[in-house]
Amino acid sequence: MEYDFQSIEQQWKKYWSDREIYKVNNDSRKPKFYILDMFPYPSGAGLHVGHPLGYIASDIYARYKRLKGYNVLHPMGYDAFGLPAEQYALETGQHPAVTTKENIARYRQQLDKIGFSYDWSREVRTSDPKYYKWTQWIFMQLFHSWYDRGQQKARPIQELITIFSSEGNQSVPCPEEDQPAFSAAAWNGYAVHEQRTILMKYRLAYLSHAEVWWCEGLGTVLANDEVVNGVSERGGFPVVKKKMNQWFLRITEYADRLLDALNTLDWSDAMKEMQRNWIGKSSGAQLRFTLAGAHAGKGYIEVFTTRPDTIFGVGFMVLAPEHELVQTITTPEQQQAVNQYQAYVQSRSERERMSEVKQITGCFTGAYAVHPFSGAQIPVWISEYVLAGYGTGAIMAVPAGDDRDHAFAKHFDIPIINIFGDRYNGEAAYSDKQGTLSNSDFLDHLEIPVAAETAIKAIEELGIGTRKINYKLRDAGFSRQRYWGEPFPVIYQEGIPYTIDEPGLKIPDELRALPVTLPEVDSYHPGPEGQGPLANINKWVNTPAGPRETNTMPGYAGSSWYFLRYMDPHNDTEFAGRAATDYWQQVDLYVGGTEHAVGHLLYSRMWTKVLYDLGHISFDEPFKKLVNQGMIQGSSRFVYRYKHNRGLFVSQEQRITFLESQGVRTAKQALEDNFDKLHVDISLVDGLALNIEDFKKWKPEFAAAQFVLEPDGQYICAAEVEKMSKSKFNVVNPDDIVAQYGADTFRMYEMFLGPIDVSKPWDTKGIEGVHRFLKKLWRLYVDAESNWLVTRDEPSAEELRCLHKTIKKTGEDIERFAFNTAVSQFMICVNELTALKCHKHEILEPLIILIAPFAPHLAEELWHRSGHEGSVLDAPFPAYEEKYIAEQSKKYPVAINGKTRAELELPTDATHEHVEQAVLTDATVQKWLEGKAPKKVIYVKGRMINIVV
RNA sequence: GCGGAUGUGGUGAAAUUGGCAGACACGCCAGACUUAGGAUCUGGUGCCGCGAGGCUUGGGGGUUCGAGUCCCUCCAUCCGCACCA
């Protein structure tokens, strides 16, 4: 019987689910291993062949670890709240819960075809009230916590209240700088709403009237990481800054810990670097410049600088156009110019601002600041290159040492003070931090790092500023004006927000219970005044105790802790039992794309740290090792339509000849002007050759299409690698591949395609090679008449060598995620065994186990045919023995140090002992040895040597 | 501009520590079997050259007995960030 993957795969899938082979227990004497995929958002389009790449890799690793004797947790679930389902609801009125459920069912169907070893009894869905009950609970913990900078950890807010009432807030600096100090007496005298307003400035989840990204197109606020290039990540709608009352997570308090702990993680450098960039820590000084002349005494300009050493190079000051001081200091003469400039900045969209970074604009305010050391008068400008949201929104500009300041000075003809001697050439700023300073008073002749320290000390002594560390990281917006998300467990009384578990809140008991479930709505349209759809449901909003919060939580809320829920998914009394989290600990291996570098992966890290600080779990990093899989791209095909006759399609190579026949003289240059390039569905194309009859039937408008063909009668299409998407007609559905070749072939081929972390286009043709390999493997065990061929004969040395080499190589390859070369090694092994006509039990049985992670269905079939009970996954992974892998080439060295055997006067059948003798007498070699005896003489594949002295 | 990564046949790629570059597979060529082949099997296939032989890991330089691998430099591509003071 030939390899019948259809019936084999069907049969073993049933066996696995009937016997719950993949069910994982929380108590086991085996060592644990937690391997997790980033759970998908179940979109309406279903899976294409690119999606399972990471899932297959993690599944192979999970199965391998199980063979290695680990208790492996390998779950799957769905990130089920999200915008697309709600947008779809807006268009169709279909409830997001319904679409989401349908999409999940389809995802599950597709995933099941591929044969994953997920423990589906642990499935989580973030939109399930039993799940988001705990998302809401964690939110309440965040609300009830503050960050103690002294102890560097989150603590219960109750402990902060105790501190306030006994000693005020002197010892606990407030993250929000506008909070003045108060004494215990003052605190105790405050009314409830005053106390709660102050506490809000400490809470890790807090309500604040602050600037947020508002996206009109989506009708909601977005977090920083959801805004890309000045437009919304989803939908690409423009965004604007807007002040709104919003919930935030105080992630900035964790900036240092998030940064430092990166060093302990086994993540790619690129990934860590992205997080470092996003956190954006920089250290320097913050200092004040007083104003000169008429403005003296009317406040000061506070700046942040990373280069306090360049203080004597300050040529001018720049404020952000929105800076609050601008109106105060602008002189009457400059008032009109400043107003115009501010209006111009206001008129520019975020997008324009970003795309025209190089453009230099600005306006002089007429005011001057005073240099704190030299007393010099420094002109004060405003410019959009200074951002209101970073540092203090104002800078001291040092044109000799900063490229932007330099360009600005040149553009507006502001004198440049050279403090770098010869290293500044007048053409470009010298921004290296090397060498000594000049023209800098007490900093002269000091090396830059020393000068920076000296300057900071001087600034502190003068009392005009301090050493300061700044971060780019902003607190994360946590409110969305949407329906399809977790409702906040928050009720307002007298304008004060309370979580429903607070004793101070007077509400009926039934309103205290979690989850606060999402109510049914008639319309998914936004509520009044930029509120979410929930605001329209009076009955739900207005409880007897007061109005509810009508925003919902953002998409990242549910995904920030889901890895914990898998450990104990059915727990009704805790987010996860302590015994379960203590047993499973961190995710040992997390597999997913790079697109979550600064969103999900940062928020998850923060939530984990908070839960750790509050004593709920025993680890403070969620993902020990992270592997990023690349994308599988689509290979699109195009036809060329003649612009002057839209029914005529010209084959790729015939275009120039065709244009010439139409009298176009510079035909080569005119290609783009005369042809439209249209995507054509890849199912209508074989390689590059278009199936003309199918093409005519594809769309009615092509029914009467005419063609200019190649001499051999074919229509040749153009090809391009693009993202796989429906609109590009280049989607390959894994269902089709599995139907044609089987899941095992599909799995192995995805791995064979190349290294797991690089992107590559899908090419269906190459799959034949892998399929052929599985058929060859099958034939080692079973002949055409379905006879079991495996014998008990003694294996030969060659056969043993082949097996042990394969055990060693594939084991090592799997450990380092080089699944492509592991597959290659299997192919080599099977080719060799086929050539040797080897059907020996002692060789073939370990091979079944080796191949089980890659081709699980086939492996089970062979395992059972060879007389075993139970799953192959419970067999031990075979060990290799070095003695079978010995290098034969060691016996035949032919050259040393580039010298041939003849030159060394060695006999033609020289062994390595001969060569060793030659080494010891060779003059050149003696020279390197410097009279010492060689410690080790290494022969490499019989050609050259390396001598270790 | 800054940061990270990557450059190897017609294609996807191997080469784990500096040690026979191109494994394995696709594609292509030739052959066998076949009524047929989009089945199966065998052989060939980096480039130049009839050949002996020469050349070859983006370009240039360096270290080394020996470099795809290490160092310097330039170039190209991809990803991320982007007026972050």
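Attention in this report is confined to the structure presented alongside it. Because the structure is a prediction, the values reported are computed rather than measured. Residues take numbers from 1 onward in each chain, read along the sequence in its written order. Here every chain gets a letter starting at A, and every ligand a number starting at 1, in the order they are written. Confidence filtering applies because this is a predicted model: local features only for residues at pLDDT of at least 70, side-chain atom pairs given and counted only at 80 or more, and all residues used for totals across whole chains, interfaces and linings. As a rule here, side-chain values come from all non-hydrogen atoms in the structure, and water together with hydrogens is ignored.

## Looking at the nonpolar core
Formed by 191 residues in total, the largest nonpolar core has its most connected members in Trp247, Phe478, Tyr562 and Tyr781. What we call a nonpolar core is a set of buried Ala, Val, Leu, Ile, Met, Phe, Trp, Tyr and Cys residues that are connected through their side-chain atoms within 4.5 Å. Only protein chains enter the accessibility calculation, which uses a 1.4 Å probe; a residue whose area is less than 20% of its type maximum is buried, one above 50% is exposed, and one in between is partly exposed. Ile311, Ile378, Ile382 and Leu443 belong to the second-largest nonpolar core, a separate cluster that totals 39 residues.

## A look at the environment of Phe316
Locating Phe316 in the fold gives a position in strand E12 (residues 316-319). In the structure, Phe316 is positioned 48 residues away from Phe364 in sequence and 10.0 Å away in space, judged by C-alpha atoms. Residue contacts are defined here by distance: any two heavy atoms, one from each residue, within 4.5 Å place the two residues in contact. Residues in contact with Phe316, not counting those within four places in the same chain, are Ile378, Pro379, Trp381, Tyr385, Met396, Ala397, Pro399, Asp405, Phe408, Ala409 and Ile414. Working definition: helices are DSSP H or I runs of at least four residues, strands are E runs of at least two. Numbering for both runs from the N terminus.

## Looking at the environment of Asn730
Residue position: Asn730 is located in the loop between strand E30 (718-722) and helix H24 (734-741). Ignoring any residue separated from it by four or fewer positions in sequence, one finds Asn730 in contact with Gly634, Ser635, Ser636, Ile682, Glu722, Lys723, Met724 and Ser725. By the criterion applied in these results, polar contacts are pairs of N or O atoms within 3.5 Å in which, for protein atoms, one can donate a hydrogen and the other can accept it, and in which residues neighboring in sequence qualify only through two side-chain atoms. Side-chain polar atoms of Asn730 contact the side chain of Ser636, separated by 3.0 Å. A distance of 3.0 Å separates the side chain of Asn730 from the backbone nitrogen of Ser725, its partner in a polar contact.

## Comments concerning the pairing of strand E23 (residues 623-628)
A regular strand carries its side chains on alternate faces of the sheet. The pairing of strand E22 (residues 587-592) with E23 spans five bridges and is classified as parallel. Among the inter-strand pairings, Leu589 is bridged to a residue of E23, identified as Lys625. When the strands point away from the viewer and the connection leading from the first strand across the helix to the second strand turns clockwise, the crossover is called right-handed. The parallel pair E22 and E23 is bridged by helix H20 (residues 600-613), and the resulting crossover is right-handed. A strand pair is defined by DSSP finding two or more bridges across the two strands.

## Re the pattern of salt bridges
Salt bridges are identified by distance alone: a Lys or Arg side-chain nitrogen within 4 Å of an Asp or Glu carboxyl oxygen. Evaluated as defined, the whole model comprises 41 salt bridges. The residue Glu177 makes a salt bridge to Lys468 at a minimum N-O spacing of 3.6 Å. In this pair, Glu177 is assigned in the loop between helix H6 (157-167) and helix H7 (184-189) and Lys468 in strand E16 (residues 465-470), connecting sequence segments 291 residues apart. One salt-bridge network, in which partners are shared between bridges, spans Arg257, Arg605, Lys609, Asp613, Asp620 and Glu621.

## Side note on the sheet that holds E22
One open sheet accounts for four strands, arranged E2-E1-E22-E23; its pairing is parallel. Strand pairing shows two members of the sheet lacking a second neighbour, strand E2 (71-73) and E23, which therefore form its edges. Averaged over all pairs of adjacent strands, the angle between strand axes in this sheet comes to 20°, irrespective of strand direction. Note that strand E1 (residues 32-37) and E2 share three bridges and pair parallel. When the sheet's bridge partners are listed, Tyr34 is paired in E2 with Leu73. Lines are fitted to the C-alpha atoms to define the axes, a helix being fitted only along its stretch in contact, and any angle between axes, read from their N-to-C directions, falls within 0 to 180 degrees. Sheet contacts for helix H2 (residues 52-67): E1, E2 and E22; angle to E1, the most-contacted strand, approximately 170°. Strand contacts of H20: E22 and E23, with the helix running at about 175° to E23, the strand carrying the most contacts.

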